[in-house]
Amino acid sequence: MPYKHKIPIYTENLNLTGAYFRHQRIIDGLSLTYVADAISMNKGFLSDLENGKRNFPDGTINQLNDFYNLKFDDSLKFYIELENNIDEIFHALCNSNTFKEKQLLELILSKRDIYENSSGFFLFNLLNLFYLIRFNCNETFINDTKKIIESNLDAINSKDLSIFYCILGIYYKRNPSTNFVAEKYFKKCLSLSSNIPDIAALCTFELISIYAETNRSALAYTYCEKSRSIFNRLQNYTTMFFIDFFQCNCLTNLGLYENSIQKLTELLNNIDQSSNKYISTIYHSLAWCYLLNCQYSECIKYTNLAIENKDPSCGLCYFIPYSYYKQNEYLKCLDYIESHLEYADDFYKPFLQAISARIQKQNVDFEKKIILYYQSLLQNNVYEDIPLIQNFILDYYTETNNKDMMIKILIDIKSFNDKDLTLKSSTLFVDSSS
């Protein structure tokens, strides 16, 4: 009689053995018919084994091991080891304990030869993907490992599947242009992890910045409240600081500048003054808030403080010259651009060049550079900067009395406010490029 393992509840419906041999057959490029004929087995029966519809008869695993020249160990010992490890690793990620997270992952990867020939094969690949996304970032390896898991979801339990979706969300969130893919994965994760606090907490937290970056600040603010509630229950107070910080940025994006300045100032007063990384980030946000609120002297002050505290963001490069421009301090503005343009990030250079051209009444060059920068913002989904640039463009066309172009940018402003603006729908860019 075919045997059936006595296994923990979380593996009861998993197809660990069948999926393993199915994967080996596929990567070897062999058909089901070929393998069935080679081992004198009914094709339908082999298919049922591979898809977890039947239990393996005694001797069948040895038979398949011999055929594929493998040493697959179907005992659950290694699977259970990995299952315990993945919970500890994800907890370390959730608590920003990067050292422990990396240490545990590297220890597991050092046992590749054992785990890749065991019932823990697919869980090992999930942890390998975890490591690749968090510490390696080799896109080819990431995509190959992702395919292995996606092709064998019947060998992954729902909790581990939610972790799979969460780390994919983290991976795709790194590029603003793939935020929509990240959001899809985080939502899949949440649908599976509502009763798993660590996973739900991190997933909800990650969605905050996605909503903020995709012009959905009100929704981002709501998720700040949801995330704070979960992290408070977990007593994870370090992450709660970041939630408060994100909430300030949401207030800024919603135009509630005074509220944002008040909360950012409170964070600054409460923070450990040795945490230079966080201090510079708060200075940066204060500078941005003052810039949008047309308080240009304050913007310059806090931009300089952010730079002095080694804020890593390249976006700071235009805060000071733009502020000088708005204060009609044109010589200071031009001097600043001339001395900093060489070191500015290529993404922001067209904007700096546009400011310079605007001051010098080089209208053709201004239009060329500002349209190029506007295109880059839309192309890369950098929604936070778009209102500033739209108003900069509108001011120009108002001053030059170009009513046709004023109407076009006003249509774009409305589309942005309606959450409908894209590169393809931008009337200003389409007409300018044609």
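Structure shown above.
Predicted, not measured: the structure shown is a model, and the values here were computed from it. (Residues numbered from 1 in each chain as written. Predicted model: local features only at pLDDT ≥ 70, side-chain atom pairs only at ≥ 80, totals over all residues. Heavy atoms only, no water.)

**Structural notes on the environment of Ala357**
As a reminder, the rule being used: Comment: elements are numbered from the N terminus, with helices defined as DSSP H or I runs of at least four residues and strands as E runs of at least two. Only protein chains enter the accessibility calculation, which uses a 1.4 Å probe; a residue whose area is less than 20% of its type maximum is buried, one above 50% is exposed, and one in between is partly exposed. Should any heavy atoms of two residues lie within 4.5 Å, those residues are considered in contact.
With respect to the helices, strands and loops of the structure, Ala357 is situated in helix H20 (residues 349–359). In this structure Ala357 comes out as buried when scored by relative accessible area, which is 1%. When the C-alpha positions of Ala357 and Ile370 are compared, they lie 9.7 Å apart, and in sequence the two are 13 residues distant. Aside from chain neighbours lying at most four places away, what touches Ala357 is Gln362, Asp365 and Phe366.

**Observations regarding the pattern of salt bridges**
The line we're drawing: Only one rule defines a salt bridge in this text: a Lys or Arg side-chain nitrogen within 4 Å of an Asp or Glu carboxyl oxygen.
Considering all chains together, one arrives at 20 salt bridges under this definition. One salt bridge in this structure joins Asp87 and Lys159, with 2.5 Å as the shortest N-O distance. A residue pair is termed long-range when its members are at least 10 positions apart, and Asp87 in helix H5 (residues 77–94) and Lys159 in helix H10 (residues 158–173) qualify at 72 residues. Its relative accessible area of 37% is what places Asp87 among the partly exposed residues. Here Glu101 makes a salt bridge to Arg134, at a shortest N to O gap of 2.7 Å. Separated by 33 residues along the polypeptide, Glu101 in helix H6 (residues 98–109) and Arg134 in helix H8 (residues 121–136) bring together distant segments of the chain. The class of Arg134 is partly exposed, set by a relative accessible area of 25%. Within this structure, Glu83, Asp87, Lys159 and Asp160 form a network of salt bridges that share partners.

**Some remarks on unusual backbone geometry**
Positive phi is not limited to glycine here, since Cys137 has a value of about 65 degrees. Mapped onto the elements, Cys137 comes out in the loop between H8 and helix H9 (139–150). One non-glycine residue, Lys361, lies in positive phi territory at about 60 degrees. Tracing the backbone through its elements, the reader meets Lys361 in the loop between H20 and helix H21 (363–379).

**Comments concerning the side chain of Thr214**
Definition in use: Pairs of N or O atoms are called polar contacts if they sit within 3.5 Å, as long as, within protein, a hydrogen donor faces a hydrogen acceptor (for residues adjacent in sequence, only side-chain-to-side-chain pairs).
Counting through the fold element by element, Thr214 comes out in the loop between helix H12 (197–213) and helix H13 (217–233). Only 2.7 Å separates the side chain of Thr214 from the backbone oxygen of Ile210, close enough to count as a polar contact. Not counting residues up to four positions away in its chain, the partners in contact with Thr214 are Asn179 and Tyr383.

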